[in-house]
Amino acid sequence: MALDHTLRLLAKARGLTAAEIAAAIPRVGAATVSAWMRGEKTPGSAQLDALARAFGVPAGALLATLAATLDPARTKGEHELLAAYRTLNTRQQGALLEVARTMAQAPPRKSRD
């Protein structure tokens, strides 16, 4: 999930406006926060730390997607699976994880090719 999308979701979940978020970040106005939420600008590291504190989440959580997209150890399939997982609601995510755990514990099946 992109940073702008994450910020919009966190703001909505906490019922905060861009102005209310800006009030928690030194030297940042509502227009700047709105630009971050639209993906037009990216906050600096000090601003990310302030955003994380305002939302009550670790700063790394705001950039988790960015870090994941830069992880060369992940395959394209892993990225696609993670992207699909993030579109699911909490109940669906739990069900998918249960299926994945079950599949991981099962002995490999022989191919019928």
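Keep in mind the model is a prediction, meaning the values are calculated, not measured.

Engineer: Could you clarify how one ought to interpret the overall build of the protein in this entry?
Structural biologist: Helix and strand counts for the protein stand at eight helices and zero strands. Along the protein, helices (α) and strands (β) appear in the sequence α-α-α-α-α-α-α-α when read from the amino end. For the protein, the proportion of its 113 residues judged to be buried stands at 22%. Sequence separation of 24 or more characterises 46% of the internal contacts of the protein that already satisfy a separation of 6 or more. If you sum the accessible surface of the protein, you get close to 8,100 Å²; carbon and sulfur atoms cover 58% of it.

Engineer: Help me understand helix α1 (residues 3-14) in this model?
Structural biologist: Counting along an α-helix, one turn takes 3.6 residues, and residues three or four places apart therefore face a common direction. Relative to the 16 Å expected for 12 residues at 1.5 Å per residue, α1 spans 16 Å between its end C-alpha atoms, a close match to the ideal helical length. Of all the residues in α1, the buried ones are Leu3, Asp4, Thr6, Leu7, Leu10 and Ala11. Each buried residue of α1 lies within a common arc of 160° when the element is viewed along its axis, so the set occupies one face. Those residues of α1 that are exposed and angled more than 90 degrees off the buried face are Lys12 and Ala13. Contact partners of the buried residues in α1: α2 (18-23), α3 (30-38), α4 (45-55) and α5 (59-62). Positive phi shows up at glycine 15, right after α1, with a value of about 65°.

Here is what the cut-offs are and how they apply
- Residues numbered from 1 in each chain as written.
- Predicted model: local features only at pLDDT ≥ 70, side-chain atom pairs only at ≥ 80, totals over all residues.
- Heavy atoms only, no water.
- Helix = DSSP H or I, 4+ residues; strand = E, 2+ residues; numbered from the N terminus.
- Buried < 20%, exposed > 50% of the residue type's maximum accessible area, 1.4 Å probe, protein only.
- Contact = heavy atoms within 4.5 Å.
- Areas by Shrake-Rupley, 256 points an atom, 1.4 Å probe, with all protein chains shown as cover.
- Expected span 1.5 Å × (residues − 1).
- Arc of directions from axis to C-beta.

Distances and angles like these do not, on their own, reveal function.
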